[in-house]
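Per-entry structural report
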Amino acid sequence: MNKRRLSKQQQRRINEQRTLAAGESAEVAAAHCNGRIISHFGQQLDVESTTADASENPLIVRCHQRANLPALVTGDLVRWEPGEDGSGVVTAVAERRNVFLRPDSMGRDKPVAANLDVVLVVIACVPEPFVNLIDRYLVAIENLGLRAALVLNKTDLLTDSQADITGIMDLYRGLDYPVFEVSAKTSDGMASLQKFLGGLTTVLVGQSGVGKSSLVNNLGGQEASESAEVGELSVGKDKGTHTTTTARLFHLPNCDLIDSPGIREFSLAPLSPEQVCNGFPELRRLLGDCKFRNCSHRGDPGCALIAAAEAGDIDARRWSSFNQILASNES
Ligand SMILES: Nc1nc2c(ncn2[C@@H]2O[C@H](COP(=O)(O)OP(=O)(O)OP(=O)(O)O)[C@@H](O)[C@H]2O)c(=O)[nH]1
Ligand SMILES: [Mg+2]
Ligand SMILES: [Zn+2]
């Protein structure tokens, strides 16, 4: 036997790699796909078949992925083949339209979900929200070219002493982010959130315990075929208990939602001063006005950003988180 002749299987693999290496547009590559990743568990993936009748009766197959593929995430469009034991194998992935990344505990960027229309940053009256955490999310989202929206959940728990929380929401409204104030418990405000999400694929992100999974369940309604697991806050500490452990895509009557595991900290991967500016729309528009093109915005003469902040044109909370993020990138 001629050893240099490729087996059919090898030939097919090479063809697949060629398809990917050619850098096809997402549409063309996606046309070759027959599945979408709806969840992943370590080395295994749950792939939903997107071929005929799948919307009527979705076929979900537990798959492995070929070793030559990059790390796949929920929302990825893939090509898969049935295996011998009822499981399947993912053989190719479509070019991603976009991907939401966040750093792991070692500071390395890890993909969370792909092919998104919106990243919904969820905060709640409990656990207490921080402008700085919201801003770090927004900087990451803006720099990935994704669209951000904000939800304040648990408004049923809002007390008179928490007026600053509604002030925070007004701050982001003033910056033109879509902002919603809701209660997944009482359904207050949910109708306008549902309308906004219509027809879109959205990933929900935010601290553990803010109610991301509860929002998914509320939006899924009574007839939802499956629900996301919800966990109580820790007793005495009002902190989330990391109930959701993997990003999972839910098909809801009018939209697709990806529930993601909550986090305690969101530290950004290293960014240049320009990238940090990019994450603040009210500062981004001043960028060209600094005296020096390579202005660090940290005390350089003729800095348009500092001038605007000193003139009171930039909200003090935002200016403080901008400087914190710049400082964290200097070390
Ligand atoms: N009072 C009130 N409690 C809520 C609301 N939404 C969620 N909760 C409660 O908040 C707790 C946490 O909810 P989850 O939905 O598990 O929060 P999560 O953001 O998915 O948390 P992780 O999966 O750990 O990231 C649960 O006890 C929920 O019942 C709300 O609108 N009002
Ligand atoms: Mg959850
Ligand atoms: Zn400057």
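Attention here is on the structure that accompanies the text. (Residues numbered from 1 in each chain as written. Chains lettered and ligands numbered in written order. Predicted model: local features only at pLDDT ≥ 70, side-chain atom pairs only at ≥ 80, totals over all residues.)

Quick word on the overall build of the chain
For clarity, the cut-off: Starting at the N terminus, helices and strands are each numbered in turn, a helix being any DSSP run of H or I of at least four residues and a strand any DSSP run of E of at least two. Distance between backbone-placed C-beta atoms decides contact: two residues are in contact if it is within 7 Å.
A tally of helices and strands in the chain yields 10 helices and 13 strands. For the chain, restricting intrachain contacts to residue pairs at least 6 apart in sequence, the fraction spanning at least 24 positions comes to 63%.

A closer look at helix α3 (residues 131–143)
The line we're drawing: To estimate the expected span of a helix, count its residues, drop one, and scale the result by 1.5 Å. Here exposure depends only on C-beta density: within 10 Å of a residue's C-beta, 20 or more other C-beta atoms make it buried, 12 or fewer make it exposed, and intermediate numbers make it partly exposed, the C-beta atoms being placed from the backbone.
Over its 13 residues, α3 runs 18 Å from end to end, which matches the ideal 18 Å to within 8%, given 1.5 Å per residue. For α3, every residue scored as buried is listed here: I134, D135, R136, Y137, L138, V139, A140, I141 and E142. For α3, the secondary structure elements touched by its buried residues are β6 (99–103), β8 (118–124), β9 (148–153), β11 (201–205), α7 (273–278) and α10 (316–328). Downstream of α3 by one or two residues, G145 has phi in the positive range, about 75°.

Quick notes on the site of ligand 1
Counted only if it meets this: Whether a residue is near a molecule or strand depends on its C-beta atom, placed from the backbone, lying within 6 Å of it. Here the term charged refers only to Asp, Glu, Lys and Arg, the term nonpolar to Ala, Val, Leu, Ile, Met, Phe, Trp, Tyr, Cys and Pro, and the term polar to all other amino acids, Gly among them.
If you check the shell around ligand 1, you find 25 residues, and the closest are G211, S213, S214, T244 and G262. Of the residues forming the shell around ligand 1, the biggest block, three residues, is contributed by helix α6 (residues 212–220). When the residues that make up the shell around ligand 1 are grouped by side-chain class, the tally is six nonpolar, 14 polar and five charged.

Brief notes about the nonpolar core
Definition in use: Each nonpolar core comprises buried Ala, Val, Leu, Ile, Met, Phe, Trp, Tyr and Cys residues, the members being joined through C-beta atoms within 7 Å.
Counting residues in hydrophobic clusters, the biggest one holds 72 residues, and the most contacted among them are A113, V119, L120, V121, V122, V203 and L204. Of the residues forming this core, the biggest block, seven residues, is contributed by β8. Apart from residues no more than four positions distant in its own chain, V121 is found in contact with I134, Y137, A148, L150, V205 and G206.

Regarding the environment of G231
Assignment of secondary structure puts G231 in the loop between α6 and β12 (248–251). Spatially, the C-alpha atom of G231 lies 6.7 Å from that of T241, the residues being 10 residues apart in sequence.

Re the pairing of strand β1 (residues 35–41)
So the rule is basically this: Pairing between strands is defined by DSSP: at least two bridges between them are needed.
Within β1, six of the seven residues are buried, leaving the element largely enclosed by the surrounding structure. Summarising the sheet, β1 and strand β4 (residues 77–82) pair through two bridges and their orientation is antiparallel. When the bridges of β4 are listed, G35 appears paired with V78. In this sheet, strand β2 (residues 44–49) lies alongside β1 in antiparallel orientation, the contact comprising six bridges. Across the sheet, the residue bridging to R36 is E48, located in β2.

Observations regarding the environment of D289
Tracing the sequence through the fold places D289 in the loop between α8 (281–284) and α9 (304–310). In this structure, the C-alpha to C-alpha distance between D289 and G302, residues 13 residues apart in sequence, is 8.6 Å.

Overview of the packing of α3 against α10
Rules: Note on method: axes are straight lines fitted to C-alpha atoms, helices fitted across the in-contact stretch only, with angles between N-to-C directions ranging 0 to 180 degrees. Rotating anticlockwise by less than a right angle from the far helix to the near helix defines a left-handed crossing, while the corresponding clockwise rotation defines a right-handed one.
For the pair α3 and α10, the least separation of the axes is 9 Å and the interaxial angle reads 65°. As α3 packs across α10, the resulting crossing turns out to be right-handed. Between α3 and α10, the residues in contact are V131, N132, D135, R136 and V139 and R317, R318, S321, Q324 and I325, respectively.

Some details on helix α4 (residues 163–174)
Taking 1.5 Å as the rise per residue, α4 with 12 residues should run 16 Å; its terminal C-alpha atoms sit 17 Å apart, in good agreement. Looking one or two places after α4, you find D176, whose phi comes out positive at around 75°.

Quick look at the pairing of β2
Turn length for the β1-β2 hairpin, with the two strands adjacent in sequence and antiparallel, is two residues, and the turn residue G42 shows positive phi of about 55°. In the sheet, β2 pairs with strand β3 (residues 60–65) via four bridges, with the strands oriented antiparallel. Bridging across to β3, D46 finds its partner in R62.

Things to note about unusual backbone geometry
Leaving glycine aside, a negative phi is the common case for residues, and trans is the common case for peptide bonds. For the bond running from V126 to P127, omega is -10°, close enough to zero to count as cis. Structurally, P127 is set in the loop between β8 and α3. The phi dihedral of D176 is positive, around 75°, even though this residue is not glycine. By the secondary structure assignment, D176 is in the loop between α4 and β10 (179–181). Despite not being glycine, S187 has its phi angle at roughly 70°, a positive value.

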